[in-house]
Each structure stands twice: as C-alpha cells, then as structure tokens.
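Examination of the molecular architecture
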Amino acid sequence: MSDTTPFPERYGAWALIAGGSDGLGAAFAREVAGRGMNCLLVARRQEPLDTVAAELSGRYGVEVRTLSLDLGAADAVSKLEKETAGIDLGLVVFNAGAEASGAFFNEAPFSIWRDLLQRNVLFLTEALHSFGNRFRGRGRGALIVVGSEAAFGGGARGAMYTASKGYALNLCESLWAELRPYGVDVQTLLFKIADTPTLRAVLERKGIPVEATGAVAVETLARETVVAIGDGPLFNYDEETPDDPLTSNSLRRARVLNVSVALEGFYGTDK
Ligand SMILES: NC(=O)c1ccc[n+]([C@@H]2O[C@H](COP(=O)([O-])OP(=O)(O)OC[C@H]3O[C@@H](n4cnc5c(N)ncnc54)[C@H](OP(=O)(O)O)[C@@H]3O)[C@@H](O)[C@H]2O)c1
C-alpha cells in the first residue's frame, strides 16, 4: 500500500526544483506545493522564476524562494548547499537536462559537450552526493531525477545526450538500492516526449505542431512520478511491455536488486 503521510512530514518542509521555472520543472513544483511543500525554484532566468513563484504562493499558500543559477557552473552545488543550509529540505527534483541542438558529435565544438557533461553529469553527481548524504543523515528524503527514454541507447544526433541520460539512469538505480535502507527514496523518471517550452522551440524550427508528436502533458508526468515515489528506482512512463528487461519498471527493479546482492558478495563486509 502506498504511503499516505503528507509530504512535509514524510520528507521535510522544503522542495528544491533544479530547472523549476517552466514546463516539467514548474509542473513538479505545482505538484509538491499542492502537497504542502515550500519550494526553492532554480533556473538561470529570473523572470520566469518570479512568474512561477507568484503562481505557487498565490494558489497553494506555500513559501516560495527563487535562485538564479547556472547549474552548469562549477560551483553550482556549493551555491545550492549555501542556499538550503537553513531550511528543512526534504525533496530535490533534478529537471534541467535537455539537449536541443541535435548536432552530430564531431560537428559541434567540444565546448557544447563539455557544458552538457558539466550540467547533466558532474553537477548531477555532485548534487546527488551532497543531498544524498544530507538525507541519509536525517533518515528521510526524496531525490527525483528526470531522465529520458534516451537512456536506453544511443543514436546519431544523440551521442552526448543519450550517454548522459544512460549515466544518470545507472547512477540512480544504484543510489536507490544504497539509500533505501536509510529512508531515502530515489526515483528516476523516463519518458519519450513531453510538451515543454524547450520541445516547442525545437519543433518550431521544423514547423512541426506539438500535437503531431504525441507529447504528454507535463502535469500528467509530474503527478504520476510523484505518486510513484517509493516504488523506484525507475518510473518509465512509456513502459510498453512489462516483460521487456530493458524498459520494464519491475524487471529493472529486480535486476538492480540482483546486481546489489552480487556486488555485496564481492565487496561486502567479510563474515
Ligand atoms: N521535453 C521532452 O520532450 C523531453 C523528453 C525526454 C526527456 N526530457 C527531459 O526532461 C527534462 C526537462 O526538459 P525540458 O524539455 O523542459 O527542457 P530543459 O531545458 O531541460 O528544462 C527547462 C528548465 O530547466 C532550466 N535550465 C535549463 N538549463 C539550465 C541550466 N544550465 N541551469 C539552470 N537551469 C537550467 C530552464 O530555465 P532557464 O533556461 O531559465 O535556465 C527551465 O526551468 C530534461 O531533463 C530533459 O532531458 C524532456
């Protein structure tokens, strides 16, 4: 049976949403604010942050703070640590992570890929280490990482994006297994396509209407992901067949548990 404890008691008073100023990130903010959590919204542009903050505090009566920060900056995690030092932080959503150029790996300057790695890999890893430690120490918390179906494999025009999402998937599956004994939920969301401003900007370049893509509404994705917290590690929204070991939520969970038992046999404490 799913845990019906209100989120502020179950996890803590505050949620941090990295990439929380539009689309799916804003939908996550609405979802947790509707469950009584105060929100710290982070993105680069201040104006969209202010718009979502005003909406959340007006609609849900929660406290909302904003922080204009490039998550691809080398000191992004220490800035987030500083910003959250005095609050009862219990949930973090890692949303920002798209790659909109679709460039061939060797045709784009390496600086683009370095920036992608910094945000999608280095920032994510350091932030999961920092907030994972914090939540593990207090015995409760939730980490939601927005991934992509791209995590399941590579393809031309997706080299670095699929690689970074595959990295995040493996990391989060392992962390789910390592942190669950400490009362910390780790949830990875994978899906094909969602109606976000970033997607719309890409489609506009090609003159494709969003309706033609089958993009899911961000409210649906955010709600279903939050409902599925505690049932991790993976929430693959577009799971088509429950018997595909690559994409099935339950088969991947079973695999993570098996791998964890095997690695414990190799590396665990000697009896
Ligand atoms: N849209 C899709 O069809 C789709 C499909 C599969 C997976 N996903 C995944 O879903 C997540 C959200 O995607 P999205 O389409 O909404 O685009 P996105 O660009 O990843 O997310 C937009 C949000 O992130 C912020 N952001 C982006 N880069 C940032 C940075 N360097 N520092 C701080 N904030 C940053 C944006 O605000 P600022 O620009 O003001 O910083 C905005 O709030 C991503 O992880 C993506 O990989 C999306």
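Structure's up top.
Residues numbered from 1 in each chain as written. Predicted model: local features only at pLDDT ≥ 70, side-chain atom pairs only at ≥ 80, totals over all residues. Heavy atoms only, no water.

1. Here's the deal with the nonpolar core
To be explicit about the condition: Each nonpolar core is a collection of buried residues, namely Ala, Val, Leu, Ile, Met, Phe, Trp, Tyr and Cys, held together in the definition by side-chain atoms within 4.5 Å. Categorising residues by exposure relies on relative accessible area from a 1.4 Å probe, with only protein chains included: less than 20% of the type maximum marks a residue as buried, more than 50% marks it as exposed, and the intermediate range marks it as partly exposed. Runs of H or I in DSSP of at least four residues are treated as helices and runs of E of at least two as strands, each being numbered from the N terminus. Throughout, a residue-residue contact means that at least one pair of heavy atoms, one from each residue, lies within 4.5 Å.
Residues Leu 24, Phe 28, Cys 39, Leu 41 and Leu 91 are the most contacted members of the largest nonpolar core, which totals 37 residues. When contributions to this core are tallied by element, the ones reaching two or more residues are β1 (14-18), α2 (23-33), β2 (38-43), α3 (46-60), β4 (89-94), β5 (141-146) and α8 (218-227). Top element by residues in this core is α2. It accounts for seven residues. The contact partners of Cys 39, leaving out residues within four places of it in the chain, are Trp 14, Ala 15, Ile 17, Ala 29, Val 32, Ala 33, Leu 56, Glu 63, Val 64 and Arg 65.

2. Side note on the pairing of strand β6 (residues 184-190)
Which entries qualify depends on this criterion: Being paired, for any two strands, means DSSP has found at least two bridges between them.
A large share of β6 lies buried, amounting to seven of its seven residues. Side chains Val 184, Val 186, Thr 188 and Leu 190 project from β6 onto one buried face, and the interleaved Asp 185, Gln 187 and Leu 189 project onto a second face that is buried too. Summarising the sheet, β5 and β6 pair through six bridges and their orientation is parallel. By the bridge assignment, Val 146 is partnered in β6 with Leu 189.

3. Comments concerning the site of the ligand
Spelled out, the test is: Note on terminology: near, applied to a residue and a molecule or strand, indicates that one of the residue's heavy atoms is within 4 Å of it. Pairs of N or O atoms are called polar contacts if they sit within 3.5 Å, as long as, within protein, a hydrogen donor faces a hydrogen acceptor (for residues adjacent in sequence, only side-chain-to-side-chain pairs). Where accessible areas are quoted, they stem from the Shrake-Rupley method and a 1.4 Å probe; at the residue level, only the protein chains shown are allowed to cover. Ten residues, namely Ala, Val, Leu, Ile, Met, Phe, Trp, Tyr, Cys and Pro, are considered nonpolar, four, namely Asp, Glu, Lys and Arg, are considered charged, and the remaining ones, Gly among them, are considered polar.
Taken together, 27 residues form the shell around the ligand, and within it Ser 21, Arg 44, Asn 95, Tyr 161 and Thr 196 come nearest. Arg 44 places a polar side-chain atom, nitrogen or oxygen, 2.7 Å from an oxygen atom of the ligand. In the model, an oxygen atom of the ligand is placed 2.6 Å from a nitrogen or oxygen of the Asn 95 main chain. Relative to its unbound accessible surface of 860 Å², the ligand loses 94% to contact with the protein. Elements with a contribution of two residues or more to the shell around the ligand: α6 (159-179) and α7 (197-206). The residue inventory of the shell around the ligand, partitioned by class, reads eleven nonpolar, nine polar and seven charged.

4. Some details on a nonpolar patch on the surface
Let me state the cut-off plainly: Grouping into patches uses exposed residues only, defined as over 30% relative accessible area, and leaves out salt-bridged ones; the cut-off is 9 Å for like charges and 5 Å for nonpolar side chains (Val, Leu, Ile, Met, Phe, Trp, Tyr). A pairing counts as a salt bridge when a side-chain nitrogen of Lys or Arg comes within 4 Å of a carboxyl oxygen of Asp or Glu.
Side chains of Val 259, Leu 263, Phe 266 and Tyr 267 sit close together on the surface and give an oily, nonpolar patch of about 490 Å² of accessible area. With respect to the helices and strands, Phe 266 occurs in helix α9 (residues 249-267).

5. Concerning the pattern of salt bridges
By the definition in use, this model includes 15 salt bridges. A salt bridge links Arg 200 to Asp 195; its shortest N-O distance comes to 2.7 Å. You can call Asp 195 partly exposed: its relative accessible area is 24%. One salt-bridge network, in which partners are shared between bridges, spans Asp 3, Arg 10 and Asp 185.

6. Brief notes about the packing of aromatic side chains
Here the distance between the centres and the angle between the planes together describe a pair of aromatic rings. Note the cut-off: Under the pairing criterion, centres of Phe, Tyr and Trp rings, with the six-membered ring standing for Trp, must be within 6.5 Å; the plane angle then separates stacked pairs below 30 degrees from edge-to-face pairs above 60, leaving the rest tilted. When the NZ atom of lysine or the CZ atom of arginine is within 6 Å of a ring's centre and also within 35 degrees of its normal, the charge is said to sit over that ring.
Evaluation of the coordinates by the stated rule reveals five aromatic pairs. Seen in terms of ring centroids, Phe 266 and Tyr 267 are 6.3 Å apart; in terms of plane orientation they differ by 50°. Their pairing is tilted. When the ring centre of Phe 7 is taken as reference, the NZ or CZ atom of Arg 35 above it lies at 5.0 Å. Above the plane of the ring of Tyr 182 lies Arg 136, whose end atom (NZ or CZ) is 4.1 Å from the centre.

7. A closer look at unusual backbone geometry
In the segment running from Gly 232 into Pro 233, the intervening peptide bond is cis, with an omega of 5°. With phi around 75°, Arg 157 is a residue other than glycine that occupies positive phi space.

8. Digging into the sheet that holds β2
Definition in use: Axis geometry follows a simple rule: fit a line to the C-alpha atoms, using only the stretch in contact for helices, then measure angles between N-to-C directions, giving values from 0 to 180 degrees.
Strand order in this open sheet of seven strands is β3-β2-β1-β4-β5-β6-β7, and the pairing throughout is parallel. Among the strands making up the open sheet, the edge pair consists of β3 (64-68) and β7 (234-236). Across the sheet, the mean angle separating the axes of adjacent strands is 15° when strand polarity is ignored. Judged from the five bridges that link them, β1 and β4 form a sheet pairing that is parallel. Within the sheet, the bridge partner assigned to Ile 17 lies in β4 and is Val 93. Running at roughly 155° to β2, helix α4 (residues 76-84) makes contact with β1, β2, β3 and β4 of the sheet.

9. What to know about α2
The buried fraction of α2 amounts to eleven of the eleven residues, a majority that puts the element mostly inside the structure. Listing the buried residues of α2 in full gives Gly 23, Leu 24, Gly 25, Ala 26, Ala 27, Phe 28, Ala 29, Arg 30, Glu 31, Val 32 and Ala 33.

10. A word on the packing of α2 against α8
Cut-off, in case you're wondering: Orientation categories follow fixed angle ranges, with anything under 35 degrees roughly parallel, anything over 145 roughly antiparallel, 65 to 115 roughly perpendicular, and all other angles oblique. A clockwise turn of the near helix away from the far one marks a right-handed crossing, whereas an anticlockwise turn of less than a right angle marks a left-handed crossing.
Taken N-terminus to C-terminus, the directions of α2 and α8 make an angle of 50°; their axes are 8 Å apart at the nearest point. On the basis of their axis angle, the class for α2 and α8 is oblique. Handedness of the α2/α8 crossing: right-handed. Contact with α2, carried on its side by Gly 23, Leu 24, Ala 27, Phe 28, Arg 30 and Glu 31, involves Val 218, Glu 219, Leu 221, Ala 222, Arg 223, Thr 225 and Val 226 of α8 and no other residues of that element. Looking at the contact of α2 with α8, its residues break down into seven nonpolar, two polar and four charged.

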